[in-house]
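# A look at the structure
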Amino acid sequence: MMLHPCAAWLGRVVDPTGRPVDGRGPLPRGGVARPLRAPPPEAGTRARLGPRIDLGVRALDAFATCRQGQRLGLFAASGVGKSSLMSMLARHADYDVAVIGLVGERGRELREFIEDDLGPQGLARSVVVCATSDSAPLMRRNAALAAMAVAEHFRDLGKRVLLMMDSVTRFALALREIGLSAGEPPATRGFPPSVFAELPRLLERAGPGAERPGAEGGVGSITGLFTVLVEGDDHDEPIADAVRGILDGHVVLDRRIGEGGRYPAVDVLRSLSRTVPGCLEPPERAILARARRILSLHRDMADMVRLGAYRAGSDPAVDEAVRLAPLIEDVLRQGKEEGGSVAGAFAALSLAMGPAA
């Protein structure tokens, strides 16, 4: 099957076949035909990751700093604020075009996400590809493939594309239904082997484009943010484990943090961007290392402090952690309407912690 994406698709909602589902009339059949399945750029000609990108979420900008063309996984159980975090990224991140793939989404949530979370301004520079949870497994599978094909179209025009896919887990569940119905034997927790072959074929397509000498507009990129549902907060289940090994970093959302009232509920100590060493300045690396050290020590000592088993003054490092950890948590707390930048996130962290002792 072929899609024909073009600039007229911006601001529209389509199904995996490219048919509009937003009630705003047909789309023009323009642009270059793109297959749902395509190989990624050759590794030897693929451009390197670009400069760091402002995601607009302080917890990510500081503790999981992302570069253009990087691929991050957002790992969360249901009801932890994953959709709200996606809406913050769609509103505040620095990109040219957003492609949002809603795979197996609840039907009632589509308009809520578009009108309330994305908003008119975010939708104007976005293409939404949706297949609801009651769709056939082939349509749910193709929703992920179609979103990637649309992102590749804009990447090849030299655009900085932000691809958000919710979720890779539902893509894998659709693949499982297809594989089992075709007679494949179930393997790891009921997933047939073809699922684990399809995951890298999809995820490797995101990233920087191929360098083409003399091409107009420069090399485009697809910065990919892929959500992964972890059943029962099990971050070692097969799909989560496979996706984590393919991507360039992972962001963990923790239910306990959300229950404590801090949103976005990002567990910064368990989140990691593999490109951080190449995109932070030495002063920023020092700030990040100190913040991680403070939060880690505070987490280790929290029960002792709460029970009164620790006496203030016994250890200067613990005293500092008890004093500064709540201030760092305040920096990480952020409303949906509030944007930010990498530089702003590190400035806020530095101000909260003060000079190092």
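Here's a quick rundown of the structure. (Residues numbered from 1 in each chain as written. Predicted model: local features only at pLDDT ≥ 70, side-chain atom pairs only at ≥ 80, totals over all residues. Heavy atoms only, no water.)

Its 17 residues place the ends of helix α10 (residues 316–332) 24 Å apart at the C-alpha level, agreeing with the 24 Å of an ideal helix rising 1.5 Å per residue. Of all the bends in α10, the greatest reaches close to 35° and is centred on L324; the proline P326 follows between one and four positions later. Taken together, the buried positions of α10 are V318, E320, A321, L324, A325, I328, V331 and L332. Buried residues along α10 sit in contact with α1 (58–63), α9 (282–307) and α11 (342–353). Near the N-terminus of α10, the side chain that reaches the backbone nitrogen of A317, with its oxygen 2.9 Å away, is that of D315. (Helix = DSSP H or I, 4+ residues; strand = E, 2+ residues; numbered from the N terminus. Expected span 1.5 Å × (residues − 1). Bend = angle between axes of the 7 residues up to and from the residue. Buried < 20%, exposed > 50% of the residue type's maximum accessible area, 1.4 Å probe, protein only. Contact = heavy atoms within 4.5 Å. Polar contact = N/O pair within 3.5 Å; in protein donor to acceptor, adjacent residues only side chain to side chain.)

Within this structure, the stated rule accounts for 32 salt bridges. A salt bridge links D22 to R24; its shortest N-O distance comes to 4.0 Å. For R24, a relative accessible area of 52% corresponds to the exposed category. With a shortest N-O distance of 2.8 Å, R58 and E338 are connected by a salt bridge. Of this pair, R58 sits in helix α1 while E338 is found in the loop between α10 and α11, placing the two residues 280 residues apart along the sequence. A single network of salt bridges, built from pairs that share partners, joins D254, R256, D267, R270 and R299. (Salt bridge = Lys/Arg side-chain N within 4 Å of Asp/Glu carboxyl O.)

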